Amino acid sequence: MARSLADVEYNYHHICEEIARAAESVGKTADDITFLAATKTVDAPTINHAILLGLRYIGENRVQELLSKYGEYDLEHASLQFIGHLQTNKVRQIVGKVDLIQSVDSVKLAQEISRCSIKRNTETGILLEVNIGREENKSGVLPEQLEELLYQIRDIPAIKVRGLMAIPPICENAQENRKFFDKMRNIFLDIDSKNIDNISMDILSMGMSDDYAEAIRCGATMVRVGSALFGARYYPA
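Predicted, not measured: the structure shown is a model, and the values here were computed from it. (Residues numbered from 1 in each chain as written. Predicted model: local features only at pLDDT ≥ 70, side-chain atom pairs only at ≥ 80, totals over all residues. Heavy atoms only, no water.)

**Examining the packing of aromatic side chains**
Logical step 1: Taken as a whole and judged by the stated rule, the model has 2 aromatic pairs.
Logical step 2: On the numbers, 5.7 Å between centres and 20° between planes, the contact of Tyr12 with Phe35 is stacked. Taken together, the residues Tyr12 in helix H1 (residues 5-25) and Phe35 in strand S1 (residues 34-38) connect sequence positions 23 residues apart. Note on accessibility: Tyr12 and Phe35 belong to one class, buried. (Phe/Tyr/Trp six-rings, centres within 6.5 Å; stacked < 30°, edge-to-face > 60°. Helix = DSSP H or I, 4+ residues; strand = E, 2+ residues; numbered from the N terminus. Buried < 20%, exposed > 50% of the residue type's maximum accessible area, 1.4 Å probe, protein only.)

**Some words on H1**
Logical step 1: Between its first and last C-alpha atoms H1 spans 30 Å; for 21 residues at 1.5 Å apiece the expected length is 30 Å, and the two agree.
Logical step 2: Taken together, the buried positions of H1 are Val8, Asn11, Tyr12, Ile15, Ile19, Ala20, Ala22 and Ala23.
Logical step 3: Packed against the buried residues of H1 are S1, helix H2 (44-53), helix H8 (212-217), strand S8 (222-225) and helix H9 (227-230).
Logical step 4: Positive backbone phi, approximately 75°, marks Gly27, located one or two places after H1. (Expected span 1.5 Å × (residues − 1). Contact = heavy atoms within 4.5 Å.)

**So, the nonpolar core**
Logical step 1: Counting residues in each nonpolar core, the largest one holds 68 residues, and the members touching the most others are Ile101, Ile113, Ile126, Leu128, Leu146 and Leu164.
Logical step 2: Ignoring anything within four residues of it in the chain, the contact list for Leu128 reads Val104, Leu146, Leu149, Leu150, Ile153, Val161, Gly163, Leu164 and Met165.
Logical step 3: Grouped together as the second largest cluster of nonpolar side chains are 8 residues, Leu100, Leu127, Met165 and Ile203 included. (Core = buried A, V, L, I, M, F, W, Y, C linked by side-chain atoms within 4.5 Å.)

**Quick notes on the pairing of strand S7 (residues 199-205)**
Logical step 1: Of all 7 residues in S7, 6 are buried; the element is thus mostly enclosed.
Logical step 2: Relative to S7, strand S6 (residues 159-166) runs parallel, the two sharing 4 bridges. Looking at S7, one finds that Leu164 is bridged to Leu204. (Pairing = 2+ DSSP bridges.)

**Examining the pattern of salt bridges**
Logical step 1: With the rule as written, the count across this model stands at 13 salt bridges.
Logical step 2: The salt bridge involving Asp182 is made with Arg185; its shortest N-O contact spans 3.3 Å. Here the residue Asp182 and the residue Arg185 both occupy positions in helix H7 (residues 174-193), the gap between them amounting to 3 residues, near one helical turn.
Logical step 3: A salt bridge links Asp190 to Lys194; the nearest nitrogen and oxygen atoms lie 3.8 Å apart.
Logical step 4: Residues joined by salt bridges that share partners form a network here, namely Arg178, Asp182, Arg185, Glu214 and Arg217. (Salt bridge = Lys/Arg side-chain N within 4 Å of Asp/Glu carboxyl O.)

So, in structure tokens, the structure goes:
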């Protein structure tokens, strides 16, 4: 879809201001929060315009779309990450192209990322996705299974666990959102306190266009914002 670059510019600065306000309300600064733009359905020139404004992190949900735009991204000035559900048979297509894979939820997927990373002589950062709402139609490891998964993958070579990611259920109000965000923060802090070898808890990725400010107030260190920046998404029928 055609997007007004002026609208993107206005939205970008507004989101940055909202991030700063939310961060300051809990004793942090905007520099403590990573603003990642979710770029599904957004064309490369529009993404690059946002990068020109100062955006430094972009995330794609679909492997095929990432590959179709890969040669056009301004990756000299931004980090490309993968934030969608990833099938093991597509891992080889993105390892070496992305700086972080945010949606790892099984030993099998971690092992395939490792295998492809070794083949490309690189190390791939990953986040473990937690199904915090226990939704049957969503991927992610259940909270009570997370620690076991961490111990299973901590010694797998050529990958580095850098934190956690979650997509809470759609909620009608901020109070409901807070319940899930608070649970994720508590899980994040609990894992961090265990000091598991080869496991870092640097990133807590949660919060999207409708709730990123609340997520920051609940402890998010990274928010994934799409429609609030680029406008409503239109998907092919």
